[in-house]
Amino acid sequence: MTFGNEQVPVVAVSTVVVGTGSAGYCAADRLWELGHDDIVMVADKVRAGASRNAGSDKQTYYKLTLSGSEPDSVREMAETLFSGGAMDGDNALAEAALSARGFIRLCDLGVPFPQNRYGEFVGYKTDHDPRQRATSVGPYTSRTMVEQLEKKVRRNGTQVLDECRVVDIVVHPDGHGGSRVAGLLVLRTNISSGSSESPFLFFRCQNIVYATGGPAGIYAKRVFPNGQWGASGAALRAGVIGKNLTEWQFGLGSIKPRWNVSGTYMQAIPRFVSTDAEGNDEREFLTEAIEDYGRLISLVFLKGYQWPFDARKAADGSSLIDLLVYQETALRGRRVFLDFRSNPVRTSFDHAELQPEAHEYLNRAGALFGTPIERLRHMNEPAYRFYLDRNPYIDLEKQMLEVDVCAQHNNGGLTVDAWWQSNVRGFFPVGEAAGSHGVYRPGGAALNSGQVGATRAAQFIAASDATPAHSEKEFIEAGTPILRAALDLLASATNRAEQGTPDNTGEMLSRVQELMSEKAGPVRSRHSILEALQQVSLWADEYSEVVSADRESRRSINRTFLVRDILTTAHVYLSAMADYIAHDGKSRGSVIYSDPSGSLPRRGYGSEPGKELALPDIFKFSLDNGALDDEVQETTLTSPLPLQALETSGTTTDRGAKPLPSKVEFNWRRRRPIPQDDEFFENVWRDFRANGNIY
Ligand SMILES: Cc1cc2nc3c(=O)[nH]c(=O)nc-3n(C[C@H](O)[C@H](O)[C@H](O)COP(=O)(O)OP(=O)(O)OC[C@H]3O[C@@H](n4cnc5c(N)ncnc54)[C@H](O)[C@@H]3O)c2cc1C
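Nothing here was measured: the structure is a model prediction, and the numbers come from that model. (Residues numbered from 1 in each chain as written. Predicted model: local features only at pLDDT ≥ 70, side-chain atom pairs only at ≥ 80, totals over all residues. Heavy atoms only, no water.)

**A closer look at the overall build of the protein chain**
To keep things clear, this is the line we draw: Strands here mean DSSP runs of E at least two residues long; helices mean DSSP runs of H or I at least four residues long; both are numbered from the N terminus. As defined in this context, the radius of gyration uses C-alpha atoms, and a globule is described by 2.2 Å times the residue total to the power 0.38. Using a 1.4 Å probe on the protein chains alone, a residue whose accessible area is under 20% of its type maximum counts as buried, one over 50% counts as exposed, and one in between counts as partly exposed. Residues count as neighbours in contact if any of their non-hydrogen atoms are within 4.5 Å of one another. Per-residue accessibility takes into account occlusion by the displayed protein chains alone, with areas from the Shrake-Rupley method and a 1.4 Å probe. Here Asp and Glu are counted as negative and Lys and Arg as positive; His is not counted, and neither are the chain ends. Charged groups are reduced to one reference atom each: NZ for lysine, CZ for arginine, CG for aspartic acid, CD for glutamic acid.
Counting its secondary structure elements, the protein chain contains 20 helices and 25 strands. Its C-alpha atoms give the protein chain a radius of gyration of 25 Å, near enough to 26 Å, the size a compact globule of 695 residues would have. Seen through its principal axes, the protein chain has C-alpha atoms that stretch 75 × 70 × 50 Å. Relative to its 695 residues, the protein chain shows a buried fraction of 60%. Sequence-distant contacts, at least 24 apart, represent 75% of the contacts inside the protein chain between residues at least 6 apart. With the model as given, the accessible surface of the protein chain reaches about 26600 Å², and the carbon-plus-sulfur share is 49%. In the protein chain, 75 side chains carry a positive charge and 88 a negative one; their mean positions are 2 Å apart.

**A closer look at the domain arrangement of the protein chain**
Just so we agree on the cut-off: What counts as a domain boundary in this text is fixed by an automatic or database domain assignment. As used here, buried area is the combined drop in accessible area, with a 1.4 Å probe, of two parts when they are placed together. We define a salt bridge as a side-chain nitrogen of Lys or Arg found within 4 Å of a carboxyl oxygen belonging to Asp or Glu.
By domain assignment, the protein chain separates into domain 1 (2–247 + 411–472), domain 2 (250–408) and domain 3 (502–610 + 620–669). The centre of domain 1, based on its C-alpha atoms, is set 33 Å off from the matching centre of domain 2. Domain 1 puts 20 residues into the contact, and the matching count from domain 2 is 25 residues. Overall, the association of domain 1 and domain 2 removes approximately 1700 Å² of surface from exposure, summing both partners, and the carbon and sulfur fraction of that is 51%. The largest per-residue losses of area from domain 1 upon contact with domain 2 belong to D57, K221 and V223, which jointly make up 40% of the total buried on that side. Remark: the boundary between domain 1 and domain 2 carries one salt bridge. Among the ionic pairs, K221 bridges to D404, the shortest N-O distance being 3.2 Å.

**A few points about the nonpolar core**
Short version of the rule: Note on terminology: a nonpolar core comprises buried Ala, Val, Leu, Ile, Met, Phe, Trp, Tyr and Cys residues joined through side-chain atoms within 4.5 Å.
Grouped together as the largest cluster of nonpolar side chains are 147 residues, with contacts concentrated most on L184, F200, Y210, Y265, F272, L396 and F427. Counting residues per element, this core draws most heavily on helix α19 (residues 554–582), at 15 residues.

**A look at the site of the ligand**
Where we set the bar: A molecule or strand has a residue near it when one of that residue's heavy atoms lies within 4 Å. Any pair of N or O atoms that falls within 3.5 Å is considered a polar contact. Within protein, one atom must be able to donate a hydrogen and the other to accept it, and sequence-neighbouring residues count only if both atoms are side-chain atoms. Only Asp, Glu, Lys and Arg are considered charged, only Ala, Val, Leu, Ile, Met, Phe, Trp, Tyr, Cys and Pro nonpolar, and every remaining residue, Gly among them, polar.
Around the ligand sit 36 residues in total, of which D44, A50, S51, T60 and E432 are the nearest. Residue A211 places a main-chain N or O atom 3.4 Å away from an oxygen atom belonging to the ligand. For the ligand, an oxygen atom lies 2.6 Å from a polar atom in the side chain of E432. Relative to its free-state accessible area of 1000 Å², the ligand is covered by the protein chains to the extent of 98%. Elements that contribute at least two residues to the shell around the ligand include exactly α1 (22–33), α2 (50–53), β9 (164–173), β19 (401–410) and α15 (445–463). Residues of the shell around the ligand, tallied by class, amount to 14 nonpolar, 18 polar and four charged.

**Details of the packing of aromatic side chains**
Here is the rule: In summary, the pairing rule links any two rings of Phe, Tyr or Trp, Trp by its six-membered ring, whose centres are within 6.5 Å, and it sorts them by plane angle into stacked for under 30 degrees, edge-to-face for over 60 and tilted for everything else. As a reminder, the over-ring test applies to NZ of lysine and CZ of arginine, requiring each to be within 6 Å of the ring centre and within 35 degrees of the ring normal.
Summed over the entire model, instances satisfying the criterion amount to 28 aromatic pairs. Seen in terms of ring centroids, Y265 and Y387 are 5.6 Å apart; in terms of plane orientation they differ by 70 degrees. Their pairing is edge-to-face. Note that Y265 is positioned in helix α8 (residues 264–267) and Y387 in helix α14 (residues 381–388), a separation of 122 residues in sequence. Like Y387, Y265 is buried. Through a chain of ring-to-ring contacts, the aromatic side chains of Y140, W259, Y265, F386 and Y387 assemble into a single cluster. Of note, R375 hangs over the ring of F349, and the distance from its end group to the ring centre comes to 3.7 Å.

**Some words on the confidence of the model for the protein chain**
Rules: As a per-residue measure, pLDDT reflects the predictor's confidence and takes values from 0 up to 100.
The predicted model of the protein chain averages 93 in pLDDT, with 95% of residues at 70 or higher. Every residue in residues 640–662 scores below 50 in pLDDT, and together they form 55 contacts with partners more than four places removed in sequence or on other chains.

**What about the pattern of salt bridges?**
As enumerated under the stated definition, the model contains 51 salt bridges in all. Between R52 and E150 there is a salt bridge, with the nearest N and O atoms lying 3.2 Å from each other. Here E150 lies in helix α6 (residues 141–156) and R52 lies in helix α2, a separation of 98 residues in the sequence. In this structure R52 comes out as buried when scored by relative accessible area, which is 3%. The salt bridge partner of R346 is D350, with a shortest N-O separation of 2.8 Å. Taking the relative accessible area as the measure of exposure, R346 reaches 29% and is therefore partly exposed. A single network of salt bridges, built from pairs that share partners, joins D88, D90, K243, E634, R669 and R672.

**Details of the sheet that holds strand β17 (residues 283–284)**
Our working rule: We treat two strands as partners when DSSP finds at least two bridges between them.
Taken together, the six strands give an open sheet; going across it, the order is β15-β14-β19-β18-β16-β17, and neighbouring strands pair in antiparallel fashion. On the outer flanks of this sheet lie β15 (259–260) and β17, each paired with one strand and no other. Note that strand β16 (residues 271–275) and β17 share two bridges and pair antiparallel. The partner of V273 across the bridge, within β17, is E284.

**Some thoughts on a nonpolar patch on the surface**
Defined as follows: The patches described consist of residues with a relative accessible area above 30% and no salt bridge, like charges being joined within 9 Å and nonpolar side chains (Val, Leu, Ile, Met, Phe, Trp, Tyr) within 5 Å.
Taken together, the side chains of F681, W685, F688, I694 and Y695 define a hydrophobic patch exposed on the protein surface, amounting to about 520 Å² of accessible area. Looking at the secondary structure, you find F681 in helix α20 (residues 681–689). According to the relative accessible area criterion, F681 is exposed, its value standing at 54%.

**Some remarks on helix α11 (residues 319–331)**
Inclusion rule: A helix is expected to span 1.5 Å multiplied by its residue count minus one.
If you check α11, its first and last C-alpha atoms are 17 Å apart, about what 13 residues at 1.5 Å a residue would give, namely 18 Å. With its phi angle positive at about 65 degrees, G333 sits one or two positions after the end of α11.

**With respect to the side chain of N244**
Residue placement: N244 occurs in the loop between β13 (242–243) and β14 (248–254). Accessibility expressed as a relative area gives 2% for N244, which makes it buried. Ignoring any residue separated from it by four or fewer positions in sequence, one finds N244 in contact with A86, G412, H437, G438, V632 and Q633.

**Points about the side chain of E247**
Structurally, E247 can be placed in the loop between β13 and β14. Exposure remark for E247: the relative accessible area of 3% places this residue in the buried category. Side chain to side chain, E247 and T246 meet in a polar contact 2.6 Å long. Discounting chain neighbours no more than four positions away, the residues touching E247 are N410, N411, G412, G438, V439 and R588.

**A word on the pairing of strand β11 (residues 200–204)**
The buried count for β11 comes to four of five residues, which makes it a mostly enclosed element. As paired elements, strand β3 (residues 10–12) and β11 share three bridges and run parallel to each other. By the bridge assignment for β11, A12 is matched with R204. Pairing analysis gives five bridges linking strand β10 (residues 179–188) to β11, with the strands arranged antiparallel. What sits directly across from G183, in β11, is R204.

**Brief notes about the packing of helix α13 (residues 372–379) against α14**
As a reminder, the rule being used: All axes here are fitted lines through C-alpha atoms, helices being fitted over the stretch that makes contact, and every angle between N-to-C directions spans 0 to 180 degrees. Roughly parallel refers to an angle under 35 degrees, roughly antiparallel to one over 145, roughly perpendicular to one between 65 and 115, and oblique to any angle outside these ranges.
Where α13 meets α14, the axes come as close as 5 Å, and the angle between the chain directions of the two elements is 110 degrees. The angle between α13 and α14 places the two elements in the roughly perpendicular class. Contacts between α13 and α14 involve I373, L376, R377 and M379 from the former and E381, A383 and Y384 from the latter. In terms of residue class, the contact of α13 with α14 is made up of five nonpolar, no polar and two charged.

Structure representation (structure tokens):
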């Protein structure tokens, strides 16, 4: 089709599924099974994404109880999810109601979730879980899910287009004061500059299932795998509302390779060592704040299953470990390593000093002996082998493992209703891109949510009217300014490089990521957030006037759009954080917000008050104690092309200080309660028979 003067190929299709992770493949397969086979999948790199490339010691899938004699119910599971705070009740109910369905489907496709000889899917208890709803296939649960789902999608014959980076979503007014999906613009990163083909490709479609994962690319310190960037910026630019954007999970991860050091890596109780930047001046730093030996080794042990950093456990619990690591790396500029070769503090492992919970566990595991590496290999040989099998390998028998406090999961994301449709009609964020969780979530709930959201979106799409939403003319009208902006950005970036400005896309990417990790990670203050917001707004504002990209380098061209997406995302996320603070939000979830009137973590246990540790003031905090659990923060980018049109008008975020450049609006609303629907069978059946009444 011709857009202005530009010829760009267009794929006309009913539904585009963006992202080839566990959520995307699930959506594509469900759509196909429901008879909606006019679909195409796209991804920047088919083999990228967290599902395929991330995991942990025992990667968890959370589901309804399907074994034993302990009672469980859809309602009870919904209540557990809802109790995490700031989660909408209809999403919680759907995640519980479709949990068994999503899980059994995976089993039937060949994901080997452990069952006993009678077919019971026995579970274990995970964090924030009152029952034993968790299960796992080992370190690679999500990878196995992707592999089996992918095979099925291939068998369905669905077309999957690789090397397509999302540039922008095309939306058009829906005639009711809102907007709806008209298409999608992607950059084909495999088209070289000399080609006569346009590097761009349009999809003209009614629905987009957006399974692009978490916006991992905004943080430098992240345990998301290499190559997972996310594409939330494009959705935000199209007017999709962000929800609970402040809520992330941070935790201890190794840096090379990126991997959660949860479970046995902590239960083996390694030594925590820090060095200067060159690897010299080695010292054990935990003892500085945790003098009691028994307490120190017990807290390290507890980090095994209290993995994410939790503000509630920062005062006197296991999250103190994360704070002390943060102090070494972020505040003192040192490096932190786990040393499995020798015991912490003392040469011997004086296990009699462990707290009863830790002692009993290690006793039952037969691991009350030796050095950390001996205990690790005794309890979990694959966990040791994992690092040995990497390239370059790390032999924990001989080497230390570098770690940091890293971003691991975005609980918030793009807004969804009970069918995982956003405020833009036809646009369905699923998986981690969706903001379906609240402040806390049980470990494993992310993978369940991805399967449920994908299924709900597919059901809704399959039941919807299939007539095209827009005429060809309307599509061209809506697509032309979007293409124009992309072409202009590309032209200015490549012209600048040709005029001698060295390619700066890589540098721009790192500086925003580093700033976000430094100022907006697990420890944030009003000052750090406003400072970062001002900086990112400036970078976003001047981006098209300073970016320089080598025309011959496909990587640079790709990064030109990646950096734009990351700047948009960082800008909106920082705005949400500033607004959270202005809304009197206190420390919760995986973040502490510095509060001069709060208190520092304590020397002893909770029962011994008044003994604050000599830590920097930045660690002074007050807990929110659930004060905002019933509210949801919604964030909207109102400027159509924010990177060219940021205004310096005041915002609601900054009370009395310098006005911030922003075009972001906020709305705090009551969260939707868990629905209390009529459960009388005849009534539900009647509605269900009249197809449409349930949608
Ligand atoms: C180390 C680690 C451990 C974890 N452990 C657990 C656990 O134990 N239990 C649990 O429930 N969850 C866990 N999670 C979270 C969980 O793995 C993810 O939330 C989930 O896999 C996300 O799946 P997804 O399909 O939404 O996205 P992903 O699997 O991340 O897939 C995203 C897809 O979108 C594509 N994409 C991204 N950006 C673009 C773009 N700009 N243009 C085009 N395509 C794009 C990618 O190529 C990829 O195909 C963990 C995460 C990490 C990082």
